[in-house]
Amino acid sequence: MHFSTFYILVFHVINYAFTLSSIYVVPNLQPISKEDGSLQNPFSKIEHARNYLRMLSRTTVQRVALYPTYHFLNNHTLSFDERDHLTIYTKMSDNERNQISFDRKQNLIELDFPIISGGIRLTDWTIDKEIWRIRLPTSLSTVTQLFVNGQRAIRSRLPLNDYFYYEKGLAYQGFIYREHQFDNITLSSTSSSEIIIYHSFTTSRHYFSRIFPQNRSILFTNPSLSVIGNTSIIQQSGQRFHLENIYEGMILQSGSFYFDSLTQILYYHARPTEHLQNTLIILPIIEIVLSMINVTKLEWNSIGIEHSAWMVSTKMNKSLPIDGRAAADYTDRSIIAVYLRNTSEVTFNKIEIAHIAGYAIQIDENCQEIQIENSQFYDLGAGGIRMGLTRVNENDKKQFIENIRIENCSLFNNGHLFPMGVGILLQLATRNILIKQNTFYEFFHTAIHIGWSWSYDQSFCYNHTISFNYIHHLGQHVLSELGGIYTCGVLNETFITNNIIHDIYGYFLHDWGIYLADGSSQIIISNTIVYNTGSASFTMIYGFNNTFQNNILARSSNESDGALSLYRREAIDHLAFTFSNNIIYDIVNTTGRWIFQVQAPDPFSAPLVRMNYNCYFNSYGAMFIFGLGRLVFSEWQETNHDMNSLITDPLFINAEDQCNFFRFHTNSPALKLGFKPIEFLSQWKPGCS
């Protein structure tokens, strides 16, 4: 097991509430002449506590206890460096909280835990019935997010809940729109309104340049990275778009906002129940809330991190492409709330990161021994946790990110600005990453993406374990070409085991349970249950030496894609995969169902596979066909495949109505073939719909 050497932080197991010396932080808007970090005279800012600790020479762990309220950072990132170590930042105990003087805490918003916020509270609103307005400083070039009473407000859009559809794309710079689409809509080249184009697996954001009513053409100031209206993906893209930051949309929809970049006025259409006295409105103004560079031995415990911004603190450059992939690499700088580089032995425990613009955490080069556990990441502009690099210097061994553990976390409700954002993204220069017992749901794209090399080239991404994760309800009919787990490149000693994946439905096809994209190789997938997918439960483009063993593939709905699909091979002697001791449970009522689909362009490129001891079943008794030759089962067996496999009912208990694939009748033929029942996952919820 490649985590046998994983270093557990010593101070993490200390009962710090009683054994560690503590200093305290309680926010105060007014200057305080005397601050010593005691309960009687606590520091007013986290930076004050940090700076105080930097002056001490110490070899023991220090506890910094934060009052459970908002800790606003006032327009600058909370930064830590090589001077910061051996410290736990956590919330005050109830006893400590009660010892803070009434005068000090009377104007604070009481919360369950402290929240470090990259936003500012907006209070000086002018009210005109349900439309509120406030003038913002000229330093804020645009507003992409607003949070009202702890919820993400709607950035005004048209149409309100659906899409517009363009007639034809104009390469990378515009499209031909349909008649009357832009009637009674205000568009200006000087505004910060945006046109969001849907491609297959991503979106792109564009600023309006010019419109030509005579031929219904609209052009953008910034190009797309993908061809608009690409005919090869026209069904996946749907030729869809919508408009954001539109005044007319704000007027129509309560709970939405509009920012006029010419006048610097922000408008909010209040809901009927919202009044100034009961409404807390926070505007994010900091792009990175928390930064740790050259840090060792630090822990964040029972703390929230919220309100990271995007495109507010710098002058807008309307010529740059803004693709959905921008969340991972936008002008060479990620959009993230928490950033780590050259950092080791850091723990995040019981934290919540929410209401942000991009990814929650980026673990950049030369980071080791990072633990993220028992935490929640939700309401994210892009995705959850990004690790690795997009480019690697083969001679620089210090670039590697290794020995990272992400365990018992929940990641959900993401992609609000960048729908392509994924739950956990492992890129280049990553090794020994454990992703265990987490829950992922309500994404528009993939839950876990492993690799960043779509070929057989050196991936510098290996020795990963993805186990006991519960992944469900992804795609949400918005994007295509996605999977519950997505891999690419050569991923030596990577194990995907004991996961449950279900309800993966994209906009149009290419919505798989596990998606082994180009070059995916040397991966072992076992003891995993996949059901309710728009396309195949498992699909593989090309690769070698992959193993699928003791898995259950059930209820894939696309009649043409089968339960298992494979596209091609790149070398004649490559064994694409071994597929053994698996169960395929099919419910499509179509005779001649292509259960194992091969889409190689000609028989000479048909992939080499080994398949045996599998159990195939169709609830309607429909006939299966297999492989490139579209063979019936007996013909398929004559090609030395599935020689010991059966087409028979595996005899699950409660599979039909509860999708419970954990239990079998004692006389199950699948068990006789050597299938081992899969360990029950505590996070899983029964039900098929």
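Residues numbered from 1 in each chain as written. Predicted model: local features only at pLDDT ≥ 70, side-chain atom pairs only at ≥ 80, totals over all residues. Heavy atoms only, no water.

## Some remarks on the overall build of the protein chain
As a reminder of what qualifies: Runs of H or I in DSSP of at least four residues are treated as helices and runs of E of at least two as strands, each being numbered from the N terminus. The globule rule is 2.2 Å times the number of residues to the power 0.38, and the radius of gyration it is compared with is taken over C-alpha atoms. Burial here depends on accessible area, computed with a 1.4 Å probe over protein chains only, as a share of the maximum for the residue type. Under 20% is buried, over 50% is exposed, and the range in between is partly exposed. A contact between two residues is defined here by any heavy atoms of the two lying within 4.5 Å. Surface accessibility in these figures is a Shrake-Rupley result with a 1.4 Å probe; residues are shielded only by whichever protein chains are displayed.
When helices and strands are tallied, the protein chain shows 9 helices and 60 strands. Computed over C-alpha atoms, the radius of gyration of the protein chain comes to 27 Å, within 12% of the 26 Å expected from 2.2 N^0.38 for 689 residues, which places it in the range of a compact globule. In terms of overall dimensions, the protein chain has C-alpha extents of about 85 × 70 × 50 Å along its principal axes. Per-residue burial for the protein chain yields a buried fraction of 62% across its 689 residues. Sequence-distant contacts in the protein chain: of pairs separated by 6 or more residues, those separated by 24 or more amount to 77%. Of the roughly 26900 Å² of accessible surface on the protein chain, a fraction of 49% belongs to carbon and sulfur atoms.

## Brief notes about unusual backbone geometry
Most peptide bonds adopt trans geometry, and most residues besides glycine take a negative phi value. Residue Leu158 is joined to Pro159 through a cis peptide bond whose omega torsion reads -10 degrees. Topologically, Pro159 is positioned in the loop between strand E13 (157-158) and strand E14 (164-165). Despite not being glycine, Lys350 has its phi angle at roughly 55 degrees, a positive value. Not every positive phi belongs to a glycine, and His477 is a case in point at roughly 60 degrees. Along the chain, His477 turns up in the loop between strand E42 (470-474) and strand E43 (482-487).

## Things to note about the nonpolar core
Under the convention used in this document: Nonpolar cores are built from buried Ala, Val, Leu, Ile, Met, Phe, Trp, Tyr and Cys residues. Side-chain atoms within 4.5 Å join them into one set.
Met292, Trp300, Phe348, Ile361, Phe377, Phe577 and Phe596 are the most contacted members of the largest nonpolar core, which totals 115 residues. In this structure Phe348 touches Met292, Trp300, Val338, Leu340, Ile361, Ile370, Gln371, Ile372, Glu373 and Ser375, once residues within four positions along its chain are discounted. Membership of the second largest hydrophobic core comes to 24 residues, among which are Phe617, Cys659, Phe661 and Trp684.

## A few points about the state of the cysteines
Stated precisely, the cut-off is as follows: Sulfur atoms of two cysteines make up a disulfide when they are within 2.5 Å.
Applying the stated rule across the entire model yields 1 disulfide. Here Cys659 engages in a disulfide with Cys688; their sulfurs sit 2.3 Å apart. Because the torsion about its S-S bond is 120 degrees, the bridge between Cys659 and Cys688 counts as right-handed. Residue Cys659 is located in the loop between helix H8 (655-658) and helix H9 (669-672), and its partner Cys688 is located in the segment after H9; the two are separated by 29 residues in the primary sequence. Of the two residues examined, Cys659 and Cys688, each falls in the buried class. The structure places no disulfide on Cys488, whose sulfur is separated from the nearest cysteine sulfur, that of Cys461, by 7.8 Å.

## Quick notes on empty space enclosed by the protein
Inclusion rule: Points on a 1 Å grid, built from protein atoms alone, make a cavity when a 1.4 Å probe fits but cannot get out and make a pocket when they are open with protein on both sides within 12 Å along at least 5 of 7 lines; residues with an atom within 4 Å of a point are the lining residues. Grid points are joined across faces, edges and corners, and a volume is the space filled by probe spheres set on the points. Three residue categories are used. Nonpolar comprises Ala, Val, Leu, Ile, Met, Phe, Trp, Tyr, Cys and Pro, charged comprises Asp, Glu, Lys and Arg, and polar comprises the others, including Gly.
Considering all chains together, one arrives at 4 cavities of 30 Å³ or more under this definition. Taken as a whole, the second largest cavity holds about 50 Å³ of empty space. Lining of the second largest cavity is provided by Arg50, Leu53, Arg54, Arg58, Phe80, Arg83, Asp84, His85, Thr87, Tyr89 and Leu298. Put simply, the parts of the chain that give the lining of the second largest cavity at least two residues each are helix H2 (46-54) and strand E5 (85-91). Class assignment for the residues of the lining of the second largest cavity results in 4 nonpolar, 2 polar and 5 charged.

## Re the pairing of strand E31 (residues 359-363)
Strand residues, when the strand is regular, have side chains that alternate between the two faces of the sheet. Test applied: At least two DSSP bridges between two strands are required for those strands to pair.
Where burial is concerned, most of E31 is hidden: 5 out of the 5 residues are buried. Pairing of strand E28 (residues 336-341) with E31 involves 4 bridges; the strand directions are parallel. Across the sheet, the residue bridging to Ile336 is Tyr359, located in E31.

## Side note on the pairing of strand E30 (residues 352-356)
By the criterion of burial, E30 is predominantly enclosed, with 5 of the 5 residues buried. Pairing between strand E26 (residues 304-306) and E30: 3 bridges, direction parallel. Directly across from Ile305, in E30, lies its bridge partner Ile353. Alignment of E30 against strand E33 (residues 376-380), held across 4 bridges, turns out to be parallel.

## Remarks on the sheet that holds strand E8 (residues 126-128)
As summarised here, the arrangement of the 5 strands in space is E8-E9-E22-E21-E12, forming an open sheet in which the pairing is mixed. Sheet topology places E8 and strand E12 (154-155) at the edges, where each strand pairs with a single neighbour. Note that E12 and strand E21 (residues 256-260) share 2 bridges and pair parallel. Paired with Arg155 across the two strands is Phe257, which belongs to E21.

## Re the pattern of salt bridges
Pairing between side chains of opposite charge can happen when their charged atoms approach one another. Going by this rule: Whenever Lys or Arg places a side-chain nitrogen within 4 Å of a carboxyl oxygen from Asp or Glu, that contact is recorded as a salt bridge.
By the definition in use, this model includes 16 salt bridges. With its nearest N and O atoms 2.8 Å apart, the salt bridge here joins Arg63 to Glu96. In this pair, Arg63 is assigned in strand E2 (residues 62-66) and Glu96 in helix H3 (residues 94-99), connecting sequence segments 33 residues apart. The exposure classification of Arg63 matches that of Glu96, with both residues buried. Between Asp586 and Arg593 there is a salt bridge, with the nearest N and O atoms lying 2.8 Å from each other. The exposure class of Asp586 is buried, given its relative accessible area of 1%. Sharing partners across several salt bridges, the network here consists of Arg54, Asp81, Arg83 and Asp84.

## Description of the environment of Glu635
Tracing the sequence through the fold places Glu635 in helix H7 (residues 633-637). Along the backbone, Glu635 and Ile625 are 10 residues apart, and their C-alpha atoms lie at a distance of 9.2 Å.

## Points about the sheet that holds strand E10 (residues 147-148)
The antiparallel open sheet is built from 4 strands, whose spatial order is E7-E23-E10-E11. The strands lining the two open edges of the sheet, one partner per strand, are strand E7 (119-121) and strand E11 (151-152). With 3 bridges joining them, E7 and strand E23 (residues 281-284) adopt antiparallel strand pairing. Note that in E23 the partner of Ile120 across the bridge is Leu283.

## Quick word on H2
Put simply, the rule reads: Here the arc refers to the directions that run from the helix axis out to each C-beta atom.
Among the residues of H2, those classed as buried are Ile46, Glu47, Ala49, Arg50 and Leu53. Taken down its axis, H2 places every buried residue within 160 degrees of arc, on the same side. Looking at the buried positions of H2, the neighbouring elements they touch are strand E1 (22-25), E2, strand E3 (70-72), strand E4 (78-80), E5 and strand E6 (115-117).

That is the geometry; function is a separate question.
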